[in-house]
Amino acid sequence: MKTNMFGNTGLEVSRLAFGTWAYGGDWGRFDEDAAITMIRRARELGFNFFDTAQQYGFGESERILGKALRDDLTRNRDEVVIATKGGLRPTADGLVRDASPEWLRRGVDSSLNALGVDHIDFYLVHWPDPTVPAAETAGALKELVAAGKIRHVGVSNYDTKQIEEFSATLPVEAVQPPYHLFRRDIEDELLPYCRAHNIGVFVYGPLAHGLLTGTIHPDTTFADNDWRSKSDVFRGDGFKGNLVVVDQLSRLAADLGVTISQLAIAWTLAQPGVNVAIVGAQHLGYLQDSAGAADVSLSEADLAAIEEIMAAATPVGGPTPEMSREAG
């Protein structure tokens, strides 16, 4: 798989990162053995970048990832790059944002233990916490870098102002925002900012959480423990209209000799400032399909055709920590 230099970190990473959110339980039931098989297959396909988070099952996803990659982590640690995230805390009423030094220190130790490693390549604050000064959050992570527990620090779901506040104490080296054809707000400020400051960008949700796979239809339903069952992205008139857009994109993809998933992922990778797209899969066929996107090159004419189709789309949002409390 083709690789990119990731910002100013000096790390060369695969253009696709394998995401393990599905192995924390937020997407419905999963089989652990199948998850391990999927992660190992991703490694065989050339993935060297893997993304997880403490919040994905609070240790479950990290444990599975560590178990699946144990041989690499034991014998070839420098050949795999692991990113995990912290700063969300479970309560009886659902998730809350907690980027306090105490919780982050506990989170890093928890993640190290679950992954079975002595250091984390990238540690990201999962969501901005307005109740904790950025200097306190960044200061705690700076100490953890000095202690050797973290190599690089980043943020997820932050805007440029929040990144600047954080970077006044510790420079942000990686940013993980949501980005796909139906959600493009980062193009206005965040991507130009990251290009100007040589910050590595790895985007999540390039398939719009399944909407851009061509497998979702107006009558598609999701399990109660799948966050999409509670999301406006997958219901209402906007959802139905976006499915028409997806159908048109599918036709364009067929004309180009690729699948719609490959088209959507390749589109994200073609955008200036995007280094890596995170993809996940619960079926080997889907993983194989997504992996092929790393080698798809879209011409200016192809990109223009996509823009023409997307003119009829309804922009969408995505999941937030607060959804867990609203659902209750």
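Residues numbered from 1 in each chain as written. Predicted model: local features only at pLDDT ≥ 70, side-chain atom pairs only at ≥ 80, totals over all residues. Heavy atoms only, no water.

## Quick look at the overall build of the protein chain
Point 1. Helix and strand content of the protein chain: twelve helices and twelve strands.
Point 2. By principal-axis analysis of the C-alpha atoms, the protein chain measures approximately 55 × 40 × 40 Å.
Point 3. Evaluated residue by residue, the protein chain yields a buried proportion of 55% over its 328 residues.
Point 4. Counting only contacts in the protein chain whose residues sit at least 6 apart along the sequence, the fraction spanning at least 24 positions is 75%. (Helix = DSSP H or I, 4+ residues; strand = E, 2+ residues; numbered from the N terminus. Buried < 20%, exposed > 50% of the residue type's maximum accessible area, 1.4 Å probe, protein only. Contact = heavy atoms within 4.5 Å.)

## Side note on helix H6 (residues 160-167)
Point 1. For H6, every residue scored as buried is listed here: Thr 160, Ile 163 and Phe 166. Seen along its axis, H6 keeps its buried residues to an arc of 120 degrees; they face one direction.
Point 2. As for H6, its buried residues are in contact with strand E8 (120-125), helix H5 (134-146), strand E9 (150-156), strand E10 (174-176) and helix H7 (190-196).
Point 3. Measuring from the side-chain oxygen of the N-cap residue of H6 to the backbone nitrogen of Lys 161 gives 3.2 Å; that N-cap residue is Asp 159. (Arc of directions from axis to C-beta. Polar contact = N/O pair within 3.5 Å; in protein donor to acceptor, adjacent residues only side chain to side chain.)

## Section: the nonpolar core
Point 1. Counting residues in each nonpolar core, the largest one holds 94 residues, and the members touching the most others are Phe 47, Leu 141, Phe 166 and Leu 249.
Point 2. When sequence neighbours within four positions are dropped, the list of residues in contact with Phe 47 reads Met 1, Ser 14, Leu 16, Ala 17, Phe 18, Ala 42, Val 279, Leu 287 and Ala 291. (Core = buried A, V, L, I, M, F, W, Y, C linked by side-chain atoms within 4.5 Å.)

## Some remarks on the pattern of salt bridges
Point 1. A full pass over the atoms with the stated rule returns 17 salt bridges.
Point 2. The salt bridge partner of Arg 63 is Glu 32, with a shortest N-O separation of 2.8 Å. Taken together, the residues span a long stretch of sequence, with Arg 63 in helix H2 (residues 60-68) and Glu 32 in helix H1 (residues 32-44) at a distance of 31 residues.
Point 3. By relative accessible area, Arg 63 is classed as partly exposed at 30%.
Point 4. The exposure class assigned to Glu 32 is partly exposed, which follows from its relative accessible area of 22%.
Point 5. What you see here is one network of salt bridges that share partners, running through Glu 32, Glu 60, Arg 63 and Lys 67. (Salt bridge = Lys/Arg side-chain N within 4 Å of Asp/Glu carboxyl O.)

## Section: the environment of Ile 39
Point 1. For Ile 39, the position within the fold is in helix H1.
Point 2. Along the chain, Ile 39 and Leu 65 lie 26 residues apart, while their C-alpha atoms are 7.2 Å from each other.
Point 3. When residues no more than four places from it in sequence are discounted, the contact partners of Ile 39 are Phe 18, Thr 20, Tyr 23, Phe 50, Ile 64, Leu 65, Ala 68 and Leu 69.

## Focus: helix H11 (residues 300-310)
Within an α-helix, residues lying three or four positions from one another point in the same direction, as the helix has 3.6 residues per turn.
Point 1. Within H11, the full set of buried residues consists of Asp 302, Leu 303, Ile 306, Ile 309 and Met 310. The buried residues of H11 occupy one face: seen down the axis, they fall within an arc of 120 degrees. Opposite the buried face of H11, at more than 90 degrees from it, the exposed residues are Glu 300, Ala 301 and Glu 308.
Point 2. Summarising the contacts, the buried residues of H11 are in contact with helix H8 (236-256) and helix H9 (260-269).

## Looking at the pairing of strand E5 (residues 81-86)
Point 1. In terms of burial, E5 is a largely internal element, six of the six residues being buried.
Point 2. Here E5 shows two buried faces, one formed by Val 81, Ala 83 and Lys 85 and the other by Ile 82, Thr 84 and Gly 86.
Point 3. Relative to E5, strand E4 (residues 49-51) is paired through three bridges, and the arrangement is parallel. The residue bridging Phe 50 from the neighbouring strand is Ile 82, located in E5.
Point 4. Relative to E8, E5 is paired through four bridges, and the arrangement is parallel. Bridge pairing links Thr 84 to Tyr 123 in E8. (Pairing = 2+ DSSP bridges.)

## Brief notes about the packing of helix H4 (residues 101-115) against H5
Point 1. Between H4 and H5, the shortest axis-to-axis distance is 9 Å and the interhelical angle comes to 35 degrees. You can see that H4 and H5 cross each other, and the crossing is right-handed. Side by side, H4 and H5 meet where Pro 101, Leu 104, Arg 105 and Val 108 of the first sit next to Glu 136, Thr 137, Ala 140, Leu 141, Glu 143 and Leu 144 of the second.
Point 2. For the contact of H4 with H5, the residue count by class is six nonpolar, one polar and three charged. (Axes fitted to C-alpha atoms, helices over the stretch in contact; angles between N-to-C directions. Left-handed = near helix turned anticlockwise from the far one by under 90°. Nonpolar A, V, L, I, M, F, W, Y, C, P; charged D, E, K, R; others polar.)

## Re the environment of His 119
Point 1. Position of His 119 among the secondary structure elements: in the loop between H4 and E8.
Point 2. Residue His 119 is classed as buried on the basis of its relative accessible area of 5%.
Point 3. Residues His 119 and Met 310, spaced 191 residues apart in sequence, show a C-alpha to C-alpha distance of 42 Å.
Point 4. In this structure, His 119 is in contact with Arg 77, Leu 112, Gly 148, Lys 149 and Arg 151, ignoring residues within four places of it in sequence.
Point 5. Within the structure, His 119 has its side chain in polar contact with the side chain of Asp 118 (distance 2.8 Å).

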